[in-house]
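# Examination of the molecular architecture
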2 protein chains.
Amino acid sequence: MLAVQIDSGKIDVVEVPKPRPKIGHALLRLRLAGICNTDVELLRGYYRFSGIPGHEFVADVVQSGNPQLIGKRVVGDINLACGRCKYCRKGLGRHCPNRTVLGIVRHPGAFAEYLTLPEENLHLLPSSIPDEHAVFTEPIAAACEILEQVRFSEAASIAVLGDGKLGLLIAQVLALHGLPVNLFGRNAGKLEIVKPLGIKTHLVTRENPSLPVAEYPYVVDATGSALGFASAMRMIQPRGTLVMKSTVSEPLVFDTAPLIVNEITLVGSRCGLFGPAIKLLKTGQLILDPMIEHKAQLSEAADAFGRAQEPGVLKLLLEP
Amino acid sequence: MLAVQIDSGKIDVVEVPKPRPKIGHALLRLRLAGICNTDVELLRGYYRFSGIPGHEFVADVVQSGNPQLIGKRVVGDINLACGRCKYCRKGLGRHCPNRTVLGIVRHPGAFAEYLTLPEENLHLLPSSIPDEHAVFTEPIAAACEILEQVRFSEAASIAVLGDGKLGLLIAQVLALHGLPVNLFGRNAGKLEIVKPLGIKTHLVTRENPSLPVAEYPYVVDATGSALGFASAMRMIQPRGTLVMKSTVSEPLVFDTAPLIVNEITLVGSRCGLFGPAIKLLKTGQLILDPMIEHKAQLSEAADAFGRAQEPGVLKLLLEP
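The structure displayed is predicted, hence computed values, not measured ones.

A separate point is the overall build of chain A. Secondary structure assignment for chain A yields 10 helices and 19 strands. Taken over C-alpha atoms, the radius of gyration comes to 20 Å for chain A, in line with the 20 Å a tight globule of 320 residues would show. Considered along the principal axes of its C-alpha atoms, chain A spans approximately 55 × 40 × 40 Å. A buried classification covers 56% of the 320 residues belonging to chain A. Within chain A, contacts between residues at least 6 apart in sequence are counted, and of these 64% link residues at least 24 apart.

Take a look at the structure:
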């Protein structure tokens, strides 16, 4: 089968053997996959990754010990947990210390014609959700994770920083949850995408970099930059909660005084549950079509990865 | 009156006019004061401080618009809040943006024969609490603040890092709250102080620096060092809560990946309410006597500040 392969910072599309599912795992045939910023980071050496990347996907089950799954269109949880440790027993398999992670940690990813996942990781998709929306399930789940972690007081306004793909999804998820969202970004066109959901957008330009100080009880930083984090720390109210949603690859030099003096709570947030994400997709209220930059063939993955690294680019999809 | 004066990194004891209380403020005559690490930081230039430092004190009310206060022995909240802003209205005067702070921000401190504070800041002391214990009210309140901010699940074990004055108080407050506390420190003698409260102590030496990894659902960092914070980040479990209790004066270079991947919550924590602290002092269960290093005269403050900066030194007290 055709598969994208990352090795020592290089990306290729190669012919490899079709994977053989273990007992309890299903064999899936890819329908559509999405390139995430994490994939780009993997190419740049994050996790010293080598192998097949890809963790955002929609696929058909072609082989499974459970006959009811065969032929079904699915998405899948990316964490392959042991099911026995104290985290797994609390339903926190995404923190299982023994986990592998689809396309990230020791489990071949979704940028291939076929992939495998444990059957328990799979979620059936209702026919009302098209592939082009379902492929966003994983990042929508990551956005929904904020609602699992933070108890927002009603009517408390939230600032979301960053109009990248994740920032746009977070703003939408929080707004659809009934919260008043302010989205700060550098790209007028991207900010425009989410306006129909009643999100107040704020264009931050070099000419107008001014941001409100100590204004918001909740700030979500989805910029992935040290500058963005510093802005978030300035915008947060005393006793406020700052959710860090994207890792900052540059080292962050951090002044602890404001955090302590203003008693800020900083919440690291990563993967989420697929259930709430699929439920939200089913409502049809998320604005996803304008978030798709381009759909490429798997064989064109190297080019697509190049394009995914250009500034301001939205979601790149790969189809087999 | 005699007062300690810090100016441009120098400390002197000087004769200054007795302060005149504003309307609504009481005039207090010092009984006993304590030197806090923050005072040492002020001498080193923190907040570009100049003036009379000191915020840990016990005093007698000698002048007040409220005759019932006169002659009473009191401690006092160190934040002078406006009483009108949205923080004050929520009972969070310690986050009032208009506040001054006794001996720290634009209000002369307690290292003087007399000081003033708003009457509403004062708390009467029951006679059962001796001055030598009451002088710890402010740092005990700071330790109690953790219980205001974090909802500990019962039986979840806590690691407190740092056997300095604040670390010892935090360990005691949490243990007296019924929580299983593990105190990690570098000084066997200091660790010994809190053992009678059932606190499990762990001596961390150069020869034996090994600390458990991903072990604790709650970690309180009271080390005030970048190394201590790094240890705290390693010791915390995924989805755990790390309370930062002392500012780190050196810049902290911070890898955001573990915070986000493990979904750690970082809680900055500062001043607390005096009510719970006095209640705890009244029980007589806190072990405070061995935490007193030396009681000096106000006139010997420069020497006492010198001694307070020596490694391993416990609480230095000043009496008029």
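What follows deals with the domain arrangement of chain A. All names here are of chain A. Here the domain parsing of chain A yields domain 1 (2-136 + 288-319) and domain 2 (143-268). Each of domain 1 and domain 2 has a C-alpha centre, and these two points are 28 Å apart. Across the domain 1 to domain 2 interface the summed buried area is about 930 Å²; carbon plus sulfur atoms make up 61%. The three residues of domain 1 that bury the most area against domain 2 are Arg94, Met291 and Leu314, which together make up 46% of that side's buried surface.

The next thing to look at is the pairing of strand β2 (residues 10-15) of chain A. Residue and element names in this part refer to chain A. Where strand β1 (residues 2-7) and β2 come together, six bridges link them in antiparallel fashion. Its bridge partner lying in β2, Val4 is registered against Val13. Count of turn residues in the β1/β2 antiparallel hairpin: two residues, of which Ser8 carries a positive phi of about 50°.

This part is about the packing of helix α4 (residues 137-149) of chain B against helix α5 (residues 165-176) of chain B. Residue and element names in this part refer to chain B. At their nearest, the axes of α4 and α5 sit 9 Å apart, and the two run at 50° to each other. Taken as axis vectors, α4 and α5 run oblique relative to one another. Regarding α4 and α5, the two cross each other, and that crossing is right-handed. On α5, the residues that touch Pro139, Ile140, Ala143, Cys144, Ile146 and Leu147 of α4 are Leu166, Leu169, Ile170, Val173 and Leu174. Its residues assigned to classes, the contact of α4 with α5 shows 11 nonpolar, no polar and no charged.

All names here are of chain B. Burial runs high along strand β3 (residues 25-34): eight of the 10 residues are buried. Pairing geometry for β3 and strand β9 (residues 114-118), over five bridges, is antiparallel. Within β9, the position partnered with Ala26 by the bridge is Leu117. Sheet topology places β3 next to strand β4 (residues 56-63); seven bridges connect them, and they run antiparallel. Directly across from Arg29, in β4, lies its bridge partner Asp60.

Take the relation of the copies chain B and chain A next. At an RMSD of 0.0 Å, chain B and chain A line up after a rotation of 180° and a shift of 0.0 Å along the axis. These values place the two chain copies in the arrangement generated by a two-fold rotation axis.

What follows deals with the sheet that holds strand β7 (residues 100-102) of chain B. With mixed pairing, the three strands of this open sheet are ordered in space as β6-β7-β8 (chain B). With partners counted over all chains shown, the strands left at the sheet margins are β6 (79-80) and β8 (106-107) of chain B, one partner each.

Glancing now at the pattern of salt bridges. Scanning all chains against the criterion turns up 22 salt bridges over all chains. For Lys195 of chain B, the salt bridge is made with Glu192 of chain B, and the minimal N-O distance between the two is 3.3 Å. Within the structure, one salt-bridge network assembled from shared partners comprises Arg31, Asp60, Arg73 and Asp131 of chain A.

So, about the interface of chain B and chain A. Contacts between chain B and chain A engage 37 residues on the former and 37 residues on the latter. In total, about 3,200 Å² of surface goes out of reach between chain B and chain A, with carbon and sulfur atoms giving 57% of it. It is Arg239, Ile260 and Glu263 of chain B in chain B that bury the most area against chain A; as a group they hold 19% of the surface buried on that side. The interface formed by chain B and chain A holds two salt bridges in total. The partner of Glu145 of chain A in a salt bridge is Arg239 of chain B, and the shortest N-O contact between them spans 2.7 Å. Within the residue set of the side of chain B that touches chain A, elements represented by two or more residues are α2 (86-89), α4, β15 (236-244), β16 (252-254), α8 (256-261) and β17 (265-268) of chain B. The greatest single-element share of the side of chain B that touches chain A, amounting to five residues, is contributed by α8 of chain B. Class assignment for the residues of the side of chain B that touches chain A results in 19 nonpolar, 10 polar and eight charged. Relative to β16 of chain B, strand β16 (residues 252-254) of chain A runs antiparallel, the two sharing three bridges. Residue pairing for β16 of chain B: Leu252 of chain A is matched across the bridge by Phe254 of chain B.

The rules behind these values
Residues numbered from 1 in each chain as written. Chains lettered and ligands numbered in written order. Predicted model: local features only at pLDDT ≥ 70, side-chain atom pairs only at ≥ 80, totals over all residues. Heavy atoms only, no water. Helix = DSSP H or I, 4+ residues; strand = E, 2+ residues; numbered from the N terminus. Rg over C-alpha atoms; globule rule 2.2 N^0.38 Å. Buried < 20%, exposed > 50% of the residue type's maximum accessible area, 1.4 Å probe, protein only. Contact = heavy atoms within 4.5 Å. Domains from an automatic or database assignment. Buried area = accessible area lost by both parts, 1.4 Å probe. Pairing = 2+ DSSP bridges. Axes fitted to C-alpha atoms, helices over the stretch in contact; angles between N-to-C directions. Parallel < 35°, antiparallel > 145°, perpendicular 65-115°, else oblique. Left-handed = near helix turned anticlockwise from the far one by under 90°. Nonpolar A, V, L, I, M, F, W, Y, C, P; charged D, E, K, R; others polar. Least-squares fit on C-alpha atoms with pLDDT ≥ 70 in both. Salt bridge = Lys/Arg side-chain N within 4 Å of Asp/Glu carboxyl O.

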